[in-house]
Amino acid sequence: NVVSLSGGRTSAHLAHLMRQRDPDTRFVFMDTGAEHRATYQFIRDAVTHWGLDLVCLRVVVNPELGKANGYRIVSLEDIGPDLAPWIAMLKKYGTPYVGGEFCTDRMKLGPFKKYCDEHIGKKSYQTWIGIRADEPKRLTPKPRTNYLADISSIDKQGVIDWWSRQPFDLQIPEH
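Every residue gets a number counted from 1 within its own chain, in the order that chain's sequence is written. With pLDDT at 70 or above as the cut-off, local features in this predicted model cover only qualifying residues; side-chain atom pairs require 80 or more to be listed or tallied, and sums for whole chains, interfaces and linings still use all residues. Heavy atoms from the whole structure form the basis of all side-chain values; hydrogens and water molecules are not counted.

Novice: Even after reading the chapter, I still don't get the overall build of the chain, so can you show me in this structure?
Specialist: For the purposes of this entry, the term helix denotes a DSSP run of H or I that reaches at least four residues, the term strand denotes a run of E that reaches at least two, and both are numbered from the N terminus. Within the chain one finds five helices and six strands. Starting at the N terminus and ending at the C terminus, the chain contains elements arranged as β-α-β-α-β-β-α-α-β-β-α. Here the chain has a C-alpha radius of gyration of 16 Å; the compact-globule value for 175 residues is 16 Å, and the two agree. Expressed as lengths along the three principal axes of its C-alpha atoms, the size of the chain is roughly 45 × 35 × 30 Å. Asp and Glu count as negative and Lys and Arg as positive, but His and the ends of the chain are not part of the count. Every charge is mapped onto a representative atom, which is NZ of Lys, CZ of Arg, CG of Asp or CD of Glu. Taking the 24 positively charged and 21 negatively charged side chains of the chain as two groups, their mean positions are separated by 5 Å. As a reference, a globule follows 2.2 Å times the number of residues to the power 0.38, and the radius of gyration itself is taken over C-alpha atoms.

Novice: Explain the nonpolar core here, please?
Specialist: Here is a general trend for soluble globular proteins: nonpolar side chains tend to be buried in one another's company. The set of buried Ala, Val, Leu, Ile, Met, Phe, Trp, Tyr and Cys residues whose side-chain atoms join them within 4.5 Å is what this entry labels a nonpolar core. Accessible area is worked out with a 1.4 Å probe on protein chains only. A residue is then buried under 20% of its type maximum, exposed over 50%, and partly exposed in between. Counting residues in hydrophobic clusters, the biggest one holds 28 residues, and the most contacted among them are Trp50, Leu54 and Trp163. Elements with a minimum of two residues in this core: α1 (9–21), β2 (26–30), α2 (37–50), β3 (54–60) and α5 (156–164). Here this core takes seven residues from α2, the largest share from any one element. Pairs of residues are marked as contacts when any of their non-hydrogen atoms sit within 4.5 Å. Once residues within four sequence positions are removed from consideration, Trp163 is found in contact with Arg9, Ala12, His13, Phe42, Trp50, Phe168 and Asp169. Counting ten residues, the second-largest nonpolar core is a separate cluster that includes Val2, Leu57, Tyr115 and Tyr125.

Novice: Is there a simple way to think about α1 in this case?
Specialist: One turn of an α-helix holds 3.6 residues; hence residues three or four places apart share an orientation. An ideal rise of 1.5 Å per residue puts 18 Å on 13 residues; α1 measures up with 18 Å between its terminal C-alpha atoms. The set of residues buried in α1 consists of Arg9, Thr10, Ser11, Ala12, His13, Leu14, Ala15, His16 and Met18. Looking at the buried positions of α1, the neighbouring elements they touch are β1 (2–4), β2, α2, β5 (127–129) and α5. A helix is expected to span 1.5 Å for every residue after the first.

Novice: Looking at this structure, how should I read the environment of Asp150?
Specialist: With respect to the element layout, Asp150 can be found in the loop between β6 (145–147) and α5. Its relative accessible area of 47% is what places Asp150 among the partly exposed residues. On a C-alpha basis, the gap between Asp150 and Gly130 in space is 10.0 Å, while along the polypeptide they are 20 residues apart. Among the polar contacts listed, one links the side chain of Asp150 to the side chain of Asn146, at a separation of 3.0 Å. Any N or O atom pair separated by 3.5 Å or less is treated as a polar contact, with the protein-specific requirement of one donor-capable and one acceptor-capable atom, and with residues adjacent in sequence counted only for side-chain atom pairs.

Novice: Teacher, can you tell me more about the pairing of β2 here?
Specialist: Every other side chain in a regular strand lies on the same face of the sheet, so the side chains alternate between the two faces. Among the five residues of β2, four are classified as buried, and the element is accordingly described as predominantly covered. Note: two strands are recorded as paired if DSSP finds a minimum of 2 bridges between them. When β1 meets β2, the two strands line up parallel, connected through three bridges. Residue pairing across strands places Val3 opposite Phe27, the latter belonging to β2. In the sheet, β2 pairs with β3 via four bridges, with the strands oriented parallel. Residue pairing in the sheet places Val28 in a bridge with Val55 of β3. A crossover counts as right-handed when, viewed with the strands pointing away from the observer, the path leading from the first strand over the helix to the second turns clockwise. Handedness of the crossover is the feature at issue here: the chain leaves β2, passes through α2, returns alongside β3, and the resulting connection is right-handed.

Novice: Help me understand the pattern of salt bridges, please; the structure alone is not making it clear to me.
Specialist: Once their charged atoms are close, side chains differing in charge can pair, the charge on each being opposite to the other. Counted as salt bridges are all cases of a side-chain nitrogen of Lys or Arg within 4 Å of a carboxyl oxygen of Asp or Glu. Going through the model one piece at a time under the given rule, you end up with eleven salt bridges. Asp82 serves as the salt-bridge partner of Arg58, at 2.9 Å between the closest nitrogen and oxygen. Separated by 24 residues along the polypeptide, Arg58 in strand β3 and Asp82 in the loop between β4 (70–74) and α3 (84–93) bring together distant segments of the chain. Taking the relative accessible area as the measure of exposure, Arg58 reaches 3% and is therefore buried. Between Glu135 and Arg132 there is a salt bridge, with the nearest N and O atoms lying 3.8 Å from each other.

What follows is the structure, encoded as structure tokens:
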């Protein structure tokens, strides 16, 4: 089991549940370098409070079109604002546009999959993503992928209520 920890409340709630369900669960955060400063603090707080063994990745863009990008492992102390990955992505692929939102794919999904394939083994892991039961349009069946909704019926308000009882929280208002 590998939890993709996005830095939001729902994925962190999933991380908490998976930590209890399976102590061997791995946790991975993909740092784009452009997350909200509070997100970085929230990630650090989760590691501190829960003792997560978190792997932090950042994309390494191969500037040649048609060539795959890589990743590098960064320390928890080194996650944070750094627009170098974005600048490299823009130089290679141009500006994102409707129908061409490649940022998540190239900066998060690609490095996550490549890391897991190389460090755990292809098809040797189950990915867990923090998508709730009240987000049915986002619950897309995929091989070797599970969602928070698979183990909990919690909705957005339930997640917010759960965080209100925790010793730390993401310091970004809900919208």
